[in-house]
Amino acid sequence: MPWQHKIAYLIGQPVGVSLTNGQGTSGVLCGVSDGKLLVLEYLYQSQFALKQYDFHVIQDVNAFPPCQQPLY
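A quick note: this is a predicted structure, and the numbers were derived from the prediction, not measured.

## Some points on the pattern of salt bridges
Piece 1. Taken as a whole and assessed by the stated rule, the structure comprises 3 salt bridges.
Piece 2. Among the ionic pairs, Lys 51 bridges to Glu 41, the shortest N-O distance being 3.3 Å. Within this pair, whereas Lys 51 is found in strand S4 (residues 47-54), its partner Glu 41 is found in strand S3 (residues 36-44), the two being separated by 10 residues in sequence.
Piece 3. Exposure remark for Lys 51: the relative accessible area of 33% places this residue in the partly exposed category.

Structure follows, in structure tokens:
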């Protein structure tokens, strides 16, 4: 499924974003605006930044998998 079809279901969720240059990022998908993906990313301590990625630099967007419960 093309990533553009997935984003409507992923808004508000933690995602990983693969970029066409081979790099990637992760954060909470906040939405889409003017051909850009809006991702809230953690910087450090208690600082976050809303970053914008043009559609043409995005290769794929995937939801984070659920955590597995540890066995004790």
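Having seen the structure, we can now continue with the description.
## A short note on the nonpolar core
Piece 1. Ranked by size, the top nonpolar core spans 12 residues in total: Trp 3, Ile 7, Leu 10, Val 15, Val 17, Leu 19, Leu 29, Leu 37, Val 39, Tyr 53, Ile 58 and Val 61.
Piece 2. Each residue touching Leu 37, except ones within four places of it in the same chain, is listed here: Trp 3, Ile 7, Val 17, Leu 29, Gly 31, Val 32, Lys 51, Gln 52, Tyr 53, Phe 55, Ile 58 and Val 61.

Rules used throughout
Residues numbered from 1 in each chain as written. Predicted model: local features only at pLDDT ≥ 70, side-chain atom pairs only at ≥ 80, totals over all residues. Heavy atoms only, no water. Salt bridge = Lys/Arg side-chain N within 4 Å of Asp/Glu carboxyl O. Helix = DSSP H or I, 4+ residues; strand = E, 2+ residues; numbered from the N terminus. Buried < 20%, exposed > 50% of the residue type's maximum accessible area, 1.4 Å probe, protein only. Core = buried A, V, L, I, M, F, W, Y, C linked by side-chain atoms within 4.5 Å. Contact = heavy atoms within 4.5 Å.

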